[in-house]
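# Coordinate inspection notes
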Amino acid sequence: MASEPTTLQEAILYFSDPVNCREYLIARRWPNGVICPRCGSKDVLFLEKYNRWHCRAKHDAPQFTLKTGTIMEESPIGLDKWLTAMWQIVNCKNGISSYEVASAIGVTQKSAWFMDHRIRLALMSGTFEKLSGHVEADETFIGGKARNMHVSKRQRRITGTGGKDKTAVMGILERGGKVRTSIIPNRKKSAIQAEVKKHVEAGAHYTRMPCCHTMGWLVSTRIR
């Protein structure tokens, strides 16, 4: 493997080579050899023509890529841009904005913000892999209680009942310790499932816990 980049220009050139991207990630994700992210088997075959691996174990979706089970999964953005953005974020001592990332790697600011958010989340959790195994999720509303507000403030801020005028937040727990939290637009099933798929790898068992502020419901299923 070529020497690792020390400047942004070197990073752009280095990660433009798919082989460098592959070796760079393998060395960090699978230092003891490539394993299937779905079943943990080491009996895998690399399909060079398709730049992916095939697991010989019997299970659904036996083929996987470097993105499978990571924060980059289901993203159409290439590894060259993902890894260059990661290099920028971890090497910029004073922080870097999504506008700077977008300008450097040639994506829109919206895409750069999406990448920036996921990369920083991975830095906080210590891994760029998604949650796996048995995962529990719960959501609630955050906002001041009406009875604790001055009457003038209450009249100005509280314009409805229930969750109206409050922020919906969600917490996802992987049994064993890792936790992810995020703000969601609402408590609709579609919004909750989209957030779960963003943080939980396919094949994991997902349990939605009853919300303490509503009647809620309890569901255990497998992410697909």
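Okay, so let's go over this structure. Predicted, not measured: the structure shown is a model, and the values here were computed from it.

### Quick word on helix 5 (residues 109-125)
The periodicity of an α-helix, 3.6 residues per turn, causes residues three or four places apart in sequence to face the same way. Between its first and last C-alpha atoms helix 5 spans 24 Å; for 17 residues at 1.5 Å apiece the expected length is 24 Å, and the two agree. When helix 5 is considered as a whole, its buried residues turn out to be Ala112, Met115, Asp116, Arg118, Ile119, Leu121 and Ala122.

### Overview of the nonpolar core
Phe15, Phe64, Trp82 and Ile119 are the most contacted members of the largest nonpolar core, which has 33 residues in total. Residue assignment for this core shows that the elements contributing at least two residues are helix 1 (8-15), helix 2 (18-29), strand 2 (52-55), helix 3 (79-91), helix 4 (98-105) and helix 5. In terms of residues, this core owes the most to one element, helix 3, which gives seven residues. When sequence neighbours within four positions are dropped, the list of residues in contact with Phe15 reads Pro5, Cys21, Tyr24, Asp80, Leu83, Thr84 and Trp87. By size, the runner-up hydrophobic cluster in this structure holds nine residues, among which are Ala137, Ala168, Ile172 and Val196.

### A look at the sheet that holds strand 3 (residues 63-64)
The strand order 1-2-3 describes an open sheet built from three strands, whose pairing is antiparallel. What marks the edges here is a single partner per strand, and that holds for strand 1 (44-47) and strand 3. Here strand 2 runs beside strand 3; their pairing, made up of two bridges, is antiparallel. Paired with His54 across the strands is Gln63, a residue of strand 3.

### Describing the packing of aromatic side chains
Scanning the entire structure with this criterion turns up eight aromatic pairs. A centroid spacing of 5.8 Å and a plane angle of 75 degrees characterise the contact between Trp30 and Trp53, whose relative ring orientation is edge-to-face. Taken together, the residues span a long stretch of sequence, with Trp30 in the loop between helix 2 and strand 1 and Trp53 in strand 2 at a distance of 23 residues. These aromatic residues form a ring-pair network of at least three members: Trp30, Phe46, Trp53 and Phe64. Here Arg28 stacks its cationic end above the ring of Tyr24, 3.6 Å away from the centre of that ring.

### Some points on the pairing of strand 5 (residues 167-174)
Only one face of strand 5 is buried, namely the one carrying Ala168, Met170, Ile172 and Glu174, since none of Thr167, Val169, Gly171 and Leu173 on the opposite face is buried. Sheet topology note: the strand 4 (residues 134-142)/strand 5 ladder contains eight bridges and is antiparallel. Bridged to Ala137 within strand 5 is Ile172.

### What about the state of the cysteines?
In this structure the tally under the stated criterion is zero disulfides. No disulfide involves Cys36; its nearest neighbouring cysteine sulfur is the one of Cys39, lying 3.8 Å away.

### Things to note about the pairing of strand 2
Residues of strand 2 alternate between two faces, with Trp53 and Cys55 buried on one and Arg52 and His54 left unburied on the opposite face. As paired elements, strand 1 and strand 2 share four bridges and run antiparallel to each other. Pairing of Leu45 across the sheet is with His54, part of strand 2. The turn joining strand 1 and strand 2, which pair antiparallel and follow one another in sequence, is formed by four residues; a positive phi near 55 degrees is taken by Asn51.

What counts and what doesn't
Residues numbered from 1 in each chain as written. Predicted model: local features only at pLDDT ≥ 70, side-chain atom pairs only at ≥ 80, totals over all residues. Heavy atoms only, no water. Helix = DSSP H or I, 4+ residues; strand = E, 2+ residues; numbered from the N terminus. Expected span 1.5 Å × (residues − 1). Buried < 20%, exposed > 50% of the residue type's maximum accessible area, 1.4 Å probe, protein only. Core = buried A, V, L, I, M, F, W, Y, C linked by side-chain atoms within 4.5 Å. Contact = heavy atoms within 4.5 Å. Pairing = 2+ DSSP bridges. Phe/Tyr/Trp six-rings, centres within 6.5 Å; stacked < 30°, edge-to-face > 60°. Lys NZ or Arg CZ within 6 Å of the ring centre and 35° of its normal. Disulfide = S-S within 2.5 Å.

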